[in-house]
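# Topology and contacts: notes
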Amino acid sequence: MSDDVDTAFDLVACLERVRVNDQAAARQLVEHLHPLVIRIVRAHLPRRVAEEDLAQEVFMKVFTRLGQFQGAVPFPHWVSRIAVTTCIDHLRAQKRRPEFRWADLSENEADVLDAVLTSENDVSAGDALAARELVDKLLNQLKPDDQLVVRMLDLEQKTLIEISELTGWSTTLIKVRAFRARRKLQKLFEQLKRKERS
Amino acid sequence: MKKSTTAWQRLITAARQAPDISGDDAAPYGFSTHVASLAMAAVERPSLQSALNHFSWRALTLSLMLMVVSIAANYSTVPSVVEVEQEVASDPVAEYLTLS
């Protein structure tokens, strides 16, 4: 959605119309919010869940809870929070992934992992996609809440305040989860390194 | 510990450079119409559970308010009734007359 469309969109008027069950306004609201929602959903998409299904669930929650929106925070923030909590619920519901193994990695991913484990040099930019996929696989080994915190902190580089606003968790809890998650990742790296040597 | 942390940092730094290949962010054709119609239908037909939820909270609030108002309005009569009952209890003749 272009910036022109964004600036031209009258959110307040649209919300007023949605509140009196104007279906055209509801459609406009979905189109306006879809980029925001789909980016959050894609970033925290659980395995075996279609992104459109999850996006639809988020929008249904937005519409059914619209009466609770008091305007204390900007509407996109309120929607973002619903999207994040919906993703967390789905992540919590999914079963833990089986043990992470070298054999499950693609050739590129194995090369990247080998590089970060054995070399102090940075991974080449050409391997960025493989690195991204590898990060996703490693994060899937963590508990859903820890996974979400590390993804937001390290990958999306959000601040503690931003994460707190999106999740409703205190900054202390976020720090604790980040610490726990990084310790788990560290153990995972050590295990992988031992297995590589053996 | 430092070594592993560095490994994670190197990996995450590389991952951040990955291009976004997730595709268009705009809603796919028909998505907004479908979601809007579902949402409007859900809003127009609230579920029995949500209706019960809504009304039970209202009923509870109303009954609590009535309870407080009735206690406040009748509080002055309560001590006098207690006094009369105590007097009746201590006087067997008065008790007999009350019963008859």
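Conventions and cut-offs
- Residues numbered from 1 in each chain as written.
- Chains lettered and ligands numbered in written order.
- Predicted model: local features only at pLDDT ≥ 70, side-chain atom pairs only at ≥ 80, totals over all residues.
- Helix = DSSP H or I, 4+ residues; strand = E, 2+ residues; numbered from the N terminus.
- Buried ≥ 20, exposed ≤ 12 C-beta atoms within 10 Å, placed from the backbone.
- Contact = placed C-beta atoms within 7 Å.
- Expected span 1.5 Å × (residues − 1).
- Nonpolar A, V, L, I, M, F, W, Y, C, P; charged D, E, K, R; others polar.
- pLDDT = per-residue confidence, 0-100.

### Considering the overall build of chain A
When helices and strands are tallied, chain A shows ten helices and zero strands. Element order for chain A, N to C, with α for helix and β for strand: α-α-α-α-α-α-α-α-α-α. Residues classed as buried in chain A amount to 32% of the 198 residues present. Long-range pairs, those at least 24 residues apart, make up 61% of the contacts in chain A with a sequence separation of at least 6.

### A word on helix α7 (residues 128-139) of chain A
If you check α7 of chain A, its first and last C-alpha atoms are 16 Å apart, about what twelve residues at 1.5 Å a residue would give, namely 16 Å. The set of residues buried in α7 of chain A consists of Ala 130, Ala 131, Arg 132, Leu 134, Val 135, Leu 138 and Leu 139 of chain A.

### Side note on the interface of chain B and chain A
If you look at the interface, chain B gives 31 residues, while chain A gives 38 residues. For the side of chain B that touches chain A, the secondary structure elements donating two or more residues are α1 (2-16) and α2 (31-44) of chain B. At twelve residues, α2 of chain B tops the list of elements feeding residues into the side of chain B that touches chain A. Taken together, the residues of the side of chain B that touches chain A break down into 19 nonpolar, eight polar and four charged.

### So, the environment of Gln 28 of chain A
Residue and element names in this part refer to chain A. Relative to the helices and strands, Gln 28 is located in helix α3 (residues 23-43). Residue classification places Gln 28 among the buried residues on the basis of 20 C-beta atoms within 10 Å. Residues Gln 28 and Leu 15, 13 residues apart in the sequence, show an inter-C-alpha distance of 9.9 Å.

### Remarks on the confidence of the model for chain B
All names here are of chain B. In the predicted model, chain B carries a mean pLDDT of 79, and 83% of its residues have values of at least 70. Per-residue pLDDT, averaged within each element of chain B, yields its smallest value for helix α5 (residues 92-99) (71) and its largest for helix α3 (residues 48-74) (87). If you check the scores for this complex, the pTM reads 0.67 and the ipTM reads 0.71.

### Description of unusual backbone geometry
All names here are of chain A. In the Ramachandran plot, Asn 21 falls in the positive-phi region, its phi being about 60° despite a non-glycine side chain. Here Asn 21 is to be found in the loop between α2 (11-19) and α3. Taking the C-beta count within 10 Å as the criterion, Asn 21 has 14 such neighbours and is therefore assigned partly exposed. Located in the positive-phi region is Gln 157, a residue other than glycine, with phi close to 55°. Locating Gln 157 in the fold gives a position in the loop between α8 (144-155) and α9 (160-167). Accessibility expressed as a C-beta count within 10 Å gives 10 for Gln 157, which makes it exposed.

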